[in-house]
Amino acid sequence: MIFFLQEQIPLPNPPISSAPPVQVNAILTDINPIVNYLPILLLLIIAISFPVVALNISSFLRRTVFDQAKLSAYECGNDPVGDARERYSVRYYIIAMLFLIFDVETVFLFPWAIIYDQLAIFGLIEIFIFIGILIVGYYYAWRKGALEWV
Amino acid sequence: MDIYKLIEWVVKIGIVFLIFMHALAYIVLLERRLLGFIQMRLGPNRVGPFGLLQPLADGIKFFFKEEIIPRDADRTLYIIAPVVALVPALTTIAVIPFGDTVNLFGRQIELSITRVDISMLVILALTSMGVYGIVLAGWSSNNKYSLMGGLRSSAQMISYELSLSLAIVGVVIFSGSLDLVQIAKEQMGTWGGIIPKWNIFTQPIGFTLFLISVIAETNRVPFDLPEAETELVAGFHTEYSSMKFAIFFIAEYANMVTASAMATLLFLGGWHGPYVEKFPLLGPVYFTMKILFFLVLYIWLRGTLPRFRYDQLMKFGWKFMIPVALANVVLVAALALFLY
Amino acid sequence: MQSLNLNYYYVLPHIILSITGIMSLLFGAFNKQAHRDLVFINSAGLITAGVSTYRLWNLVSSNAKDGPLTAFSGMVVLDHMSLAFIFIFLIVAFLSTLLSLNFLEDEDQSPEEFNSLLLFATVGMMLMASAGDMVMVFLGLEIASIATYVLAGYRKTDLRSNESALKYFILGSFSTAFLLYGMALVYGATGSTNLETISNAIKSGNNAITAQPMVMELLYVGAGMLLVGFGFKISTAPFHVWTPDVYQGAPTSVTAFMATGPKAAAFVAFLRIFVFTFAASYSFQLHTTWVNLLQVLAILTMIIGNIVALSQTDIKRVLAYSSIAHAGYALIGFLADDWISVAFYMLTYSIMNIGAFAVVSVMAGKGDEKTELENWAGMGFKSLGLSIALLVFMLSMAGMPLTGGFMGKFFIFKTAWDKGFHIIVIVAVLNSAISVYYYLRPMVMLFFRDENETNPTPLMSWTTYVTILLALAGTFYLGIMPGRLFSLLEVAKDVLVK
């Protein structure tokens, strides 16, 4: 029961990168590391322009003959009945809410996992409590039928 | 800023992007040929030797096909949707390392487009954006099948994203970093000269979880519910034709490649293999081979397995994957404590 | 070496209650119709938490000269004030648990959600009481508020309950935004969210991070925002409009809880930040400013609460406006920098209010149908005991001698008078005199109107009976023999003078 005693747990030391310093980026070490995100931006621009260009080229090449039947929504050959945007099952909302809870939990787990080697036994116990409380909520949702689909 | 660095980036982006796009085209061919063999037929073999020009023919066909936008569709969203689906799938390759640093043209060049210290998070963030394209496509088509497909797909993707990230947490505990290069480097070397120090051997549960979730994330068989041909008539892209359909198609395969690359980097040691320390250029070769292994696995699964029913899929995701993934995190944490 | 100082013993009451909440949630998931068992689980948890709080009280008393105990890097502060308020919350939660059994058995819903949410809200309130950091105040506030929003909408199919929950949620989030923005500005000015560091920064006039002179405008605007945010939470006059609607619509057992618990919690955080951190000994100017503002607010609150209550026809709305007026009285204790009288006042207020709402929940019948005073005509002799209990609670609220309400008001007015706030005390006394009118109106309805033959005699379960008895006992005990309790609190007075 060491955790109920009045104890002083030292803060973890600033993380020391176990990797040897990368000599490759000698050019980049003296500048802001945010610059490394620049290629992602470049690629993003290319990735956006690729479909845009492809769609535009295609629009010049293709021929288009429209008629009413062709433009109606596909419903196995019948005329479409009503609007498609109707009410749908509430279960999708429940899934979305459960997702939010667990996703936020995962977000908390990532930083914990990174400094886990410094937290050691304290980190393990804390995560047992954290996940334990989550499991209770999860179990309760299960028990109340939030995870059922039929 | 160093101008050479900029040039290096531009060149790397150009090369990787071109190779990636061609690879996507030929993965489609590979899939069709392999499926043909699995089903005791030949597959496309007419266009060029062994059908090697088939992707080109397909591409040209897509460009010339007539395009239909349904009358009641939300035009803007309908056009944006395929772009939204494709862009994150293509952008992820920016942070995927495919080899160690090599010495080329008198420069030390990293074999990845860029290296950021949270590349794992970048990939997770980008891949989870993909669901928007599918939801938008399903909603904007104003088709009942599409709406069903889009809803199912989003529910499925967010459900399996949880076990996916939880499986990754296990790896992060071992490597103590979110940098994919660092994660791959931690798996360097062997135990006793025989067994490589890959995470798959230390975390088999995590690997299985990751593989299953990633297949579900990419909407592939046996989790291809969103586009179940027989019940939903291709789901969210029922109404899509021509180039827009092709873009969804490319996005799906790009996601497959990204997923395979992630599996390789996290669990199969990335570019590591025999003699890679001496000849760093072997790295990309090993990396490609490992990715191919996963791609063939995808295709094999498609040729072999039937499809889940939707309630089975959700039940499996929520009632099996998540508890096991949570248990895996705790287990790995405990293991890491005793091992290190 | 910097230290986290993880002292789980200091938050033992919080931990016990959290575990109890989780346990009752699980217990309810396993068992159908577990209403009574849940009451026992909750009570056991609350009593255990009470015992551990008592032990902490002794610990704090024995360490009194070293100043308050802190843990978790100053996030948690334990002194007599936080523990006194924790006791109040535990009493409130205990009485609410007892009171709610009857209502839960009438409703066809999961009782474990109610019981565990009640406990979680209590944990949030306790965190607010023991917060040593603005972040902690905010966290506790959110834990308490979110649980209470859900409780207010517990009667899912009832429109009034839904309306109440929604109004409470929207205005609650609105006020929380004010509070958070105020915290951000105070942080911007002082460079810290830790209250002790903030008070030191205010005293020195320098930002804690940059060591430059702080921007006083930021501090003042931030303090103003905090004042508005807390004003919403404790429903002072310009910010009180949500109170009657929310109190009226929510199930009566829930109203009993949220009129007392979260309000007392807002008071303790308010005290912690304003009386302790923005104290005169740190910055005389800041202190004078908020004292002047609060004086105006208190007068407005008392007058509006009492005057509007005169014209109400619904008993729950009457009690809501009376609770607004009571917030005004309690604010007078702030002016005198005296947390002890405020704590004592909140204790008496909580007990008599829960008692009054308990009587209302019985008289209103199943589903809280009959809360209009007209419906009560001539019921007095049918249910004599209940009516007399209500009379006692109402007289106590009006401040009749021999009841707790009188002693609470007496202590507050006395300290304020001694500090020289004569006008506001006179206004408050006049207001108390006005309030007698509306407090006695239900009695007129009950005893001096023709009997309405259709009304059945209200039925009462034994837990409600016990609740009312306990509240009666508490009211009389605090009214007749407040000395022991007050001297116990009086010992703790040294905390303020660090």
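Analysis parameters
Residues numbered from 1 in each chain as written. Chains lettered and ligands numbered in written order. Predicted model: local features only at pLDDT ≥ 70, side-chain atom pairs only at ≥ 80, totals over all residues. Helix = DSSP H or I, 4+ residues; strand = E, 2+ residues; numbered from the N terminus. Rg over C-alpha atoms; globule rule 2.2 N^0.38 Å. Buried ≥ 20, exposed ≤ 12 C-beta atoms within 10 Å, placed from the backbone. Contact = placed C-beta atoms within 7 Å. Expected span 1.5 Å × (residues − 1). Nonpolar A, V, L, I, M, F, W, Y, C, P; charged D, E, K, R; others polar. Axes fitted to C-alpha atoms, helices over the stretch in contact; angles between N-to-C directions. Parallel < 35°, antiparallel > 145°, perpendicular 65-115°, else oblique. pLDDT = per-residue confidence, 0-100. Core = buried A, V, L, I, M, F, W, Y, C linked by C-beta atoms within 7 Å. Left-handed = near helix turned anticlockwise from the far one by under 90°.

## Overview of the overall build of chain B
- Looking only at helices and strands, chain B features twelve helices and four strands.
- Over its C-alpha trace chain B gives a radius of gyration of 21 Å, about what one expects of a compact globule, namely 20 Å for 340 residues.
- Counting only C-alpha atoms and orienting by the principal axes, one finds that chain B spans roughly 60 × 50 × 50 Å.
- Residue burial in chain B is summarised as follows: out of 340 residues, 54% are buried.
- Taking as baseline every contact in chain B between residues at least 6 positions apart, the subset at least 24 positions apart corresponds to 76%.

## With respect to the overall build of chain A
- Counting secondary structure elements, chain A contains four helices and zero strands.
- Across chain A, helices and strands are ordered from the amino to the carboxyl terminus as α-α-α-α.
- Expressed as a percentage of the 150 residues in chain A, the buried residues total 13%.

## Section: helix α13 (residues 339-363) of chain C
- Over its 25 residues, α13 of chain C runs 36 Å from end to end, which matches the ideal 36 Å to within 8%, given 1.5 Å per residue.
- A positive backbone phi angle near 75° is found at Gly365 of chain C, which sits one or two residues after α13 of chain C.

## Digging into the interface of chain A and chain B
- Facing 62 residues of chain A, the contacting portion of chain B comprises 71 residues.
- Element by element, the count of residues in the side of chain A that touches chain B is highest for helix α1 (residues 38-61) of chain A, at 16 residues.
- Looking at the side of chain A that touches chain B residue by residue, the classes come out as 47 nonpolar, seven polar and eight charged.

## Thoughts on the arrangement of the chains
- Ranking the two pairs of chains in contact by contact count places chains A and B at the top.
- Nothing in chain B touches chain C; the tightest C-alpha to C-alpha distance between them is still 17 Å.

## Side note on the packing of helix α1 (residues 12-30) of chain C against helix α2 (residues 35-62) of chain C
Residue and element names in this part refer to chain C.
- Running from amino to carboxyl end, α1 crosses α2 at an angle of 170°, the nearest separation of the two axes being 8 Å. Taken together, the axes of α1 and α2 lie roughly antiparallel to each other. When α1 is examined against α2, the residues Leu12, Pro13, Ile16, Leu17, Thr20, Met23, Ser24, Phe27 and Gly28 are found in contact with a partner set consisting of Asp37, Leu38, Ile41, Asn42, Gly45, Thr48, Ala49, Ser52 and Thr53.

## Observations concerning the confidence of the model for chain B
All names here are of chain B.
- The share of residues in chain B with pLDDT of 70 or more is 97%, and the mean pLDDT across the chain is 85.
- Between the elements of chain B, mean pLDDT differs from a low of 66, seen in helix α9 (residues 229-232), to a high of 91, seen in helix α8 (residues 204-217).
- The complex model carries a pTM of 0.82, and its ipTM stands at 0.83.

## Things to note about the confidence of the model for chain A
Residue and element names in this part refer to chain A.
- For chain A, mean pLDDT is 74; residues scoring 70 or higher make up 76% of the total.
- Mean pLDDT values for the elements of chain A range from 73 in helix α2 (residues 68-71) up to 88 in helix α3 (residues 91-114).
- Note that pLDDT drops below 50 for residues 1-9; the model gives that stretch 13 contacts with residues more than four away or on any other chain.
- Within the model, pLDDT remains below 50 along residues 14-30, and this stretch shows 13 contacts once partners closer than five positions in the same chain are excluded.

## Structural notes on helix α8 (residues 216-234) of chain C
Residues and elements named next belong to chain C.
- In a regular helix each residue adds 1.5 Å, so 19 residues correspond to 27 Å; α8 covers 27 Å between its end C-alpha atoms and thus fits that length.
- Residues of α8 that are buried make contact with α6 (159-190), α10 (252-277), α11 (284-310) and α12 (315-335).
- The first or second residue beyond α8 is Ser235, which carries a positive phi of 50°.

## Things to note about unusual backbone geometry
- In this structure, Met40 of chain B takes a positive phi of about 60° despite not being glycine.
- Secondary-structure assignment places Met40 of chain B in the loop between α1 (3-38) and α2 (54-64).
- A residue is classified by how many C-beta atoms lie within 10 Å of it, and Met40 of chain B, with 6 of them, is exposed.
- Not every positive phi belongs to a glycine, and Leu402 of chain C is a case in point at roughly 80°.
- Along the chain, the position of Leu402 of chain C falls in the loop between α14 (384-398) and α15 (404-418).

## Concerning the nonpolar core
All names here are of chain C.
- Counting residues in each nonpolar core, the largest one holds 172 residues, and the members touching the most others are Phe89, Met128, Leu271, Ile332, Ala343 and Val359.
- No other element matches the 19 residues that α13 contributes to this core.
- Other than its neighbours up to four places away in sequence, Ile332 contacts Ala298, Ile412, Phe413, Ala416, Phe421, Ile424, Val425 and Ala428.

## A few points about the environment of Ile123 of chain B
Residue and element names in this part refer to chain B.
- Mapping Ile123 onto the fold places it in helix α4 (residues 119-140).
- With 36 residues separating them along the chain, Ile123 and Val87 place their C-alpha atoms 12 Å apart.
- Beyond its immediate sequence surroundings of up to four residues, Ile123 is in contact with Thr92, Val95, Thr258 and Met262.

## Considerations on the environment of Val214 of chain B
Residues and elements named next belong to chain B.
- Inspection of the secondary structure puts Val214 in helix α8.
- C-beta crowding within 10 Å serves as the criterion here: with 25 such atoms nearby, Val214 is assigned to the buried category.
- Spatially, the C-alpha atom of Val214 lies 9.4 Å from that of Met262, the residues being 48 residues apart in sequence.
- When sequence neighbours within four positions are dropped, the list of residues in contact with Val214 reads Leu164, Ala259 and Ala263.

## Describing the packing of α13 of chain C against α15 of chain C
Residue and element names in this part refer to chain C.
- Across the interface, α13 lies against α15 with an axial gap of 9 Å and an inter-helix angle of 160°. By the angle between their axes, α13 is roughly antiparallel relative to α15. By crossing handedness, the relation of α13 to α15 is classed as left-handed. Along the contact surface, α13 presents Ser341, Phe344, Tyr345, Thr348, Tyr349, Ile351 and Met352, while α15 presents Gly404, Gly405, Met407, Gly408, Phe411, Ile412 and Thr415.
- In terms of residue class, the contact of α13 with α15 is built from eight nonpolar, six polar and no charged.

## Topic: the environment of Ile351 of chain C
All names here are of chain C.
- Within the secondary structure, Ile351 sits in helix α13.
- With 28 C-beta atoms counted inside 10 Å, the residue Ile351 sits in the buried group.
- C-alpha of Ile351 to C-alpha of Thr467: the two residues are 116 residues apart in sequence and 9.8 Å apart in space.
- Once you skip the residues sitting within four places of it in the chain, Ile351 turns out to touch Gly404, Ala471, Gly474 and Thr475.

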